[in-house]
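This is what each chain is made of:
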Amino acid sequence: EQLVLLGRRLASVLAYLATEGWVHLDVKPRNIVMTSTPRLIDLSVARPVIDARGRTGIGTDAYMSPEQADPERVGEIGPPSDVWGLGATLHEAVTGRQAFPRQPGEPPYPQLRLPAPALPERVPAPLATVILQALAVRPADRPTAPAIDDALEPLADWASRSARRFR
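Residues numbered from 1 in each chain as written. Predicted model: local features only at pLDDT ≥ 70, side-chain atom pairs only at ≥ 80, totals over all residues. Heavy atoms only, no water.

Draft legend 1. Main features of the nonpolar core. Counting 33 residues, the largest nonpolar core has Leu14, Leu86, Leu127, Ile131, Leu135, Ile148 and Leu152 as the members making the most contacts within it. Elements supplying a minimum of two residues to this core: helix H1 (2-19), helix H4 (79-95), helix H5 (125-134) and helix H6 (145-165). If one sorts the elements of this core by residue count, H1 sits on top with 7 residues. Apart from the residues within four sequence positions on either side, Leu86 is in contact with Gly7, Leu10, Ala11, Leu14, Val27 and Ile148. In this structure, Val23, Ala52, Ile58 and Val74 belong to the second largest nonpolar core, which totals 7 residues. (Core = buried A, V, L, I, M, F, W, Y, C linked by side-chain atoms within 4.5 Å. Buried < 20%, exposed > 50% of the residue type's maximum accessible area, 1.4 Å probe, protein only. Helix = DSSP H or I, 4+ residues; strand = E, 2+ residues; numbered from the N terminus. Contact = heavy atoms within 4.5 Å.)

Draft legend 2. Seen up close, the packing of aromatic side chains. Summed over the entire model, instances satisfying the criterion amount to 1 aromatic pair. With 5.4 Å between their ring centres and 25° between their planes, Trp84 and Phe100 make a pair best called stacked. Within this pair, whereas Trp84 is found in helix H4, its partner Phe100 is found in the loop between H4 and H5, the two being separated by 16 residues in sequence. In this pair, the class of Trp84 matches that of Phe100, namely buried. (Phe/Tyr/Trp six-rings, centres within 6.5 Å; stacked < 30°, edge-to-face > 60°.)

Draft legend 3. The arrangement of the pattern of salt bridges in detail. In the structure shown here, the tally under the stated rule is 6 salt bridges. In this structure, Glu67 and Arg142 form a salt bridge, with 2.7 Å as the shortest nitrogen-oxygen distance. You can see Glu67 sitting in helix H3 (residues 66-69) and its partner Arg142 sitting in the loop between H5 and H6, a full 75 residues away along the chain. Connected via shared salt-bridge partners are Glu67, Arg73, Glu76 and Arg142. (Salt bridge = Lys/Arg side-chain N within 4 Å of Asp/Glu carboxyl O.)

Draft legend 4. Quick peek at the environment of Arg97. Structurally, Arg97 can be placed in the loop between H4 and H5. Classification of Arg97 by relative accessible area gives exposed; the value is 54%. Residues contacting Arg97, with those up to four places away along its chain left out, are His91 and Glu92.

Draft legend 5. Structural context of the environment of Arg9. Along the polypeptide, Arg9 turns up in helix H1. Here the alpha-carbon distance between Arg9 and Arg39, two residues 30 residues apart in the chain, equals 7.7 Å. Setting aside its immediate chain neighbours within four residues, Arg9 contacts Thr37 and Pro38. Of note is the side chain of Arg9, whose polar atom sits 3.3 Å from the backbone oxygen of Pro38. (Polar contact = N/O pair within 3.5 Å; in protein donor to acceptor, adjacent residues only side chain to side chain.)

Draft legend 6. Summary view of the side chain of His24. Structurally, His24 can be placed in the loop between strand S1 (22-23) and strand S2 (32-33). Of the polar contacts made by the side chain of His24, one reaches the backbone oxygen of Asp42; its length is 2.9 Å. Apart from the residues within four sequence positions on either side, His24 is in contact with Leu17, Asn31, Leu40, Ile41, Asp42, Leu43, Val45, Ala46 and Asp82.

Draft legend 7. Looking closely at H4. Between the first and last C-alpha of H4 there are 25 Å, a value that for 17 residues agrees with the 24 Å anticipated at 1.5 Å per step. Downstream of H4 by one or two residues, Gly96 has phi in the positive range, about 85°. (Expected span 1.5 Å × (residues − 1).)

Draft legend 8. Just unusual backbone geometry, in detail. Even without glycine at this site, Leu25 takes up a positive phi of about 70°. Mapped onto the elements of the fold, Leu25 is located in the loop between S1 and S2.

Draft legend 9. Molecular detail of the packing of H4 against H5. It is at 7 Å that the axes of H4 and H5 come closest, and there the two elements cross at 135°. The angle between the axes of H4 and H5 places the two elements in the oblique class. Here H4 and H5 pass one another in a crossing that is left-handed. Along its contact with H4, which presents Val83, Trp84, Gly87, Leu90, His91 and Val94, the element H5 presents Leu127, Ile131 and Ala134. Partitioned by chemical class, the residues of the contact of H4 with H5 number 7 nonpolar, 2 polar and no charged. (Axes fitted to C-alpha atoms, helices over the stretch in contact; angles between N-to-C directions. Parallel < 35°, antiparallel > 145°, perpendicular 65-115°, else oblique. Left-handed = near helix turned anticlockwise from the far one by under 90°. Nonpolar A, V, L, I, M, F, W, Y, C, P; charged D, E, K, R; others polar.)

What follows is the structure, given as structure tokens:
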């Protein structure tokens, strides 16, 4: 129930930022405050999209989109980069570990070794689809933040009903 709420709330925030022409560039669990309404914090590296393009390495390694990590792709940085961070965050929320952990002694940016690891079978198919699509290599292949919110909306009702059964 909280995971779906988290996904929808963050998607809503990212949709708003995109509408305003901004990108957060550091969507990750440590930048989320879980209250009755999850909040995305730390706008210290947020930039207008026009200013973000051309800047590599802004963000946190394990949650950075491939285009943020690859100097040859920095012109692709935009709202889909934040969708990647949302996908990486939801992946971690489901599995309890980072999707792209950096191993000792290996070069930075493990997300350049794609694809994302599989999700446990217990994850409802619609949720798994959203998470894995958000972690698509090409920004154009990722869903928009509003599309993620739309995809998670039916799960919100399902999660709420399921949670009531176990109370």
